[in-house]
Amino acid sequence: MHALHIRNLTKTYANGVEALKGIDFDVDAGDFYALLGPNGAGKTTAIGIICSLVNKSSGTVQIFGHDIDRELEAAKACIGLVPQELNMNQFDTVLNIVVNQAGYYGIPRRLALSRAERYLSELRLWDRRLDPARGLSGGMKRRLMIARALIHEPRLLILDEPTAGVDIEIRRSMWEFLRRINEEGTTIILTTHYLEEAESLCRHVAIIDEGRIIEDAPMSTVLRKLQREVFVLTLADTPTSAPFLPGYETVLRNDGDIEVAVDTNHDLNGLFDALDERGMRVVSLRNKANRLEELFIGLVEAKQRNAAARSA
Amino acid sequence: MDLKVNWVGFVTLVRKEVIRVVRIWVQTIVPPAITMTLYFIIFGNLIGRRIGTMDGFDYMQYIAPGLIMMSVITNSYGNVVSSFFGAKFGKHVEEMLVSPLSNATIIMGHVAGGIIRGLMVGALVTVIALFFTQLSVEHPLITLSMVVLASTVFALLGFVNAIFAKKFDDISIIPTFVLTPLTYLGGVFYSISLLPEFWQTVSLGNPILYMVNAFRYGILGVSDISIGYAYLIVAIFVAGLFTLNLVLLNRGVGIRE
């Protein structure tokens, strides 16, 4: 069964901006799905329509089979949303925010309090439950929004850039938490600008750009399309110019490291052999960008080149 | 509509609203108490003694029901407009919009919060009034039903204002330029029989006149207008404003793009 089924979804705002130009995609129940795209691509508009915060212009949206035009309340009951912007009453206490949200979903107060203890404890906020939200750090507010979205135990959790501005330690602990609730059966849709996050967590990826889906496939399939990766090498002796390595494109960086582009039909052993032959000892090696980021940039740039070619 | 979900949601909304009113009591309860005390001292005690009687009651007694109703009206309105606009401004209105709560429940929850604040302030002003004059309730059922209906009308009006408001200025314009003049001209301080015939007719277009007079009838037993007509007018306003709010929310006016 599809957790989310979208067909020909369009949205034109009152100012004439076409945010969505007829998108189709399905999210399977139990999936961990990444919805990626540059700023202004239409991700947040799509999420807004799914969660009834934005009116669609046309198209179909079904959540676990409930059409938002015919069974809106049943559809809403299936969703938990962690929005991009902070949207809580900053003067209310952490506990009230979560328990009130449960009330809006018809969960009796006694049950809401026990669930609040569970989720606030898991997200390390229980000790702050009586504090007003405005006193929390940015990372805590993000975690509070996750607890609030989970309090009615939704079948579909939508996270719109949940780790923006969150430090690396908290981000990693949030990843672990999200992985666990996904394993327990919650379908998750994630938008993020941290492509490492999407690659690490998600099994399926859709890329949206200028209101259209330009890629929609399992993560493994998408990553196989990657033609080359760029590595950054720190050498024991800093070179004065980019070394010539047959079959590899090299660039000397300002910090003395070298960037080496490795096509998928070459391997790293060949690169190390070539460096060894020239007496160059490698101290460290890292990816310049993560693999999904490379692919993402490639897809968006290819689309822009095609558009420029068409208009020329 | 899932009745259980909406009932729990309604209770949650009312509870949240009451906690809000009590938490910021210095802003919600104290100012109307001080204002009304000043009205009683200045208009009732100092000036009222020179006015003498009105409709057979001393002036302090005559204006007390009107001042109680005025505080109920302004506080019911103010509670809903500030609470719902605050939720829009702070974006936490989205907590309700993403949930399965029906729009009718969202309206009723906020309106109930407005009524409760109106009644809390009304009760306090009644206690203050008793320091200045004697009040015996002639028709308790009419008194209670009219105060609840009037606060419902103005809580619903506050909701309409909050739906259309885009900035904080927008939630003070209506109270300042519409609500306050209508209240002052609604027979709080005088009987419309004192007005020239033309202005008496004009006054009949002011809904607050009916509420103030029906409430005064409940307490003192005197009124400038027919009580049955007052109930009809108020009932029409309640039904009309509730429907208007529902249509606006269903269309997403002011809350959805």
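Because the structure is predicted, anything quoted here is derived from the model rather than measured.

**Student:** Sorry, what's going on with the overall build of chain A here?
**Tutor:** A count of helical and extended segments in chain A gives ten helices and 14 strands. Along the first, second and third principal axes, the C-alpha set of chain A runs to 70 × 50 × 35 Å. For chain A, the proportion of its 312 residues judged to be buried stands at 51%. Put simply, of all contacts in chain A between residues at least 6 apart along the chain, 68% involve residues at least 24 apart. For chain A, the computed accessible surface area is about 14,200 Å², with 47% contributed by carbon and sulfur atoms. Charge separation in chain A, taken as the distance between the mean sites of 38 positive and 44 negative side-chain charges, equals 6 Å.

**Student:** Would you mind going over the overall build of chain B with me for this structure?
**Tutor:** Regarding its fold elements, chain B presents eleven helices and two strands. When the elements of chain B are put in sequence order from the N terminus, they spell out α-α-α-β-β-α-α-α-α-α-α-α-α. Expected size for 257 residues packed as a compact globule is a radius of gyration near 18 Å; at 19 Å, chain B falls within 12% of this value. Along the longest, intermediate and shortest principal axes, the C-alpha atoms of chain B span 60 × 35 × 35 Å. With 257 residues in all, chain B has 54% of them scored as buried. Put simply, of all contacts in chain B between residues at least 6 apart along the chain, 81% involve residues at least 24 apart. Summed over all atoms, the accessible surface of chain B reaches about 11,200 Å², with 70% contributed by carbon and sulfur.

**Student:** What's the story with the side chain of Glu95 of chain B in this structure? I'm lost.
**Tutor:** Secondary-structure assignment places Glu95 of chain B in helix α5 (residues 93–97). Aside from chain neighbours lying at most four places away, what touches Glu95 of chain B is Asn87, Met88, Ile97, Gln101, Tyr104 and Arg148 of chain A.

**Student:** Got a minute to help me understand the packing of aromatic side chains in this structure?
**Tutor:** As enumerated under the stated definition, the model contains 14 aromatic pairs over all chains in all. Considering the side-chain rings of Phe25 of chain A and Tyr33 of chain A, the 5.7 Å spacing of their centres and the 20 degrees angle between planes classify their relative orientation as stacked. Just as Phe25 of chain A is buried, Tyr33 of chain A falls in that class too. Grouped by ring-pair contacts, the aromatic residues Tyr39, Phe43, Tyr184 and Phe189 of chain B constitute a single cluster. The aromatic ring of Trp126 of chain A is capped on one face by Arg129 of chain A, whose charged end is 4.2 Å from the ring centroid. Lying across the ring of Tyr62 of chain B, Arg216 of chain B places its NZ or CZ 3.8 Å from the centre.

**Student:** Which parts of the structure should I look at to understand the packing of helix α3 (residues 94–104) of chain A against helix α4 (residues 109–122) of chain A?
**Tutor:** Residues and elements named next belong to chain A. Here α3 crosses α4 at 125 degrees, and the two axes come no closer than 9 Å. Taken together, α3 and α4 sit at an angle that is classed as oblique. In the packing of α3 onto α4, the handedness of the crossing is right-handed. Contacts between α3 and α4 pair Val94, Leu95, Val98, Val99 and Ala102 from the former with Arg109, Ala112, Leu113, Ala116 and Leu120 from the latter. The residue inventory of the contact of α3 with α4, partitioned by class, reads nine nonpolar, no polar and one charged.

**Student:** Please explain the pairing of strand β13 (residues 258–263) of chain A as it appears in this structure.
**Tutor:** Residues and elements named next belong to chain A. The element β13 is largely enclosed, with a buried count of five among its six residues. Sheet topology places strand β11 (residues 228–235) next to β13; six bridges connect them, and they run antiparallel. Considered in β13, the bridge of Val230 is made with Ala261. Turn length for the strand β12 (residues 249–252)-β13 hairpin, with the two strands adjacent in sequence and antiparallel, is five residues, and the turn residue Gly256 shows positive phi of about 95 degrees.

**Student:** Would you explain helix α10 (residues 207–220) of chain B in this entry?
**Tutor:** Given 3.6 residues to a turn, an α-helix orients residues that are three or four positions apart in the same direction. All names here are of chain B. Its 14 residues place the ends of α10 20 Å apart at the C-alpha level, agreeing with the 20 Å of an ideal helix rising 1.5 Å per residue. Judged by how many residues are buried, α10 sits mostly within the fold: 13 of 14 residues are covered. Regarding α10, its N-cap is Asn206, as a side-chain oxygen of that residue lies 3.0 Å from the backbone nitrogen of Ile208 further along. Gly221 sits one or two residues past α10 and shows a positive phi near 90 degrees.

**Student:** Explanation requested: the interface of chain B and chain A in the structure shown.
**Tutor:** Many authors give the size of an interface as the accessible area that is lost as the parts come together. On the side of chain A, 29 residues touch chain B, which itself brings 28 residues to the contact. Of the roughly 2,500 Å² buried between chain B and chain A on both sides combined, carbon and sulfur atoms contribute 50%. Of all residues in chain B, the largest losses of buried area upon contact with chain A belong to Glu95, Val98 and Glu257 of chain B, amounting jointly to 26% of the total for that side. Joining chain B to chain A, the criterion identifies two salt bridges. Counting across the interface, chain B meets chain A through twelve residue pairs in polar contact (both at pLDDT 80 or more). Residues that form the side of chain B that touches chain A fall into these classes: ten nonpolar, seven polar and eleven charged.

Rules behind the numbers
Residues numbered from 1 in each chain as written. Chains lettered and ligands numbered in written order. Predicted model: local features only at pLDDT ≥ 70, side-chain atom pairs only at ≥ 80, totals over all residues. Heavy atoms only, no water. Helix = DSSP H or I, 4+ residues; strand = E, 2+ residues; numbered from the N terminus. Buried < 20%, exposed > 50% of the residue type's maximum accessible area, 1.4 Å probe, protein only. Contact = heavy atoms within 4.5 Å. Areas by Shrake-Rupley, 256 points an atom, 1.4 Å probe, with all protein chains shown as cover. Lys, Arg positive; Asp, Glu negative; His and termini not counted. Charge placed at Lys NZ, Arg CZ, Asp CG, Glu CD. Rg over C-alpha atoms; globule rule 2.2 N^0.38 Å. Phe/Tyr/Trp six-rings, centres within 6.5 Å; stacked < 30°, edge-to-face > 60°. Lys NZ or Arg CZ within 6 Å of the ring centre and 35° of its normal. Axes fitted to C-alpha atoms, helices over the stretch in contact; angles between N-to-C directions. Parallel < 35°, antiparallel > 145°, perpendicular 65-115°, else oblique. Left-handed = near helix turned anticlockwise from the far one by under 90°. Nonpolar A, V, L, I, M, F, W, Y, C, P; charged D, E, K, R; others polar. Pairing = 2+ DSSP bridges. Expected span 1.5 Å × (residues − 1). Polar contact = N/O pair within 3.5 Å; in protein donor to acceptor, adjacent residues only side chain to side chain. Buried area = accessible area lost by both parts, 1.4 Å probe. Salt bridge = Lys/Arg side-chain N within 4 Å of Asp/Glu carboxyl O.

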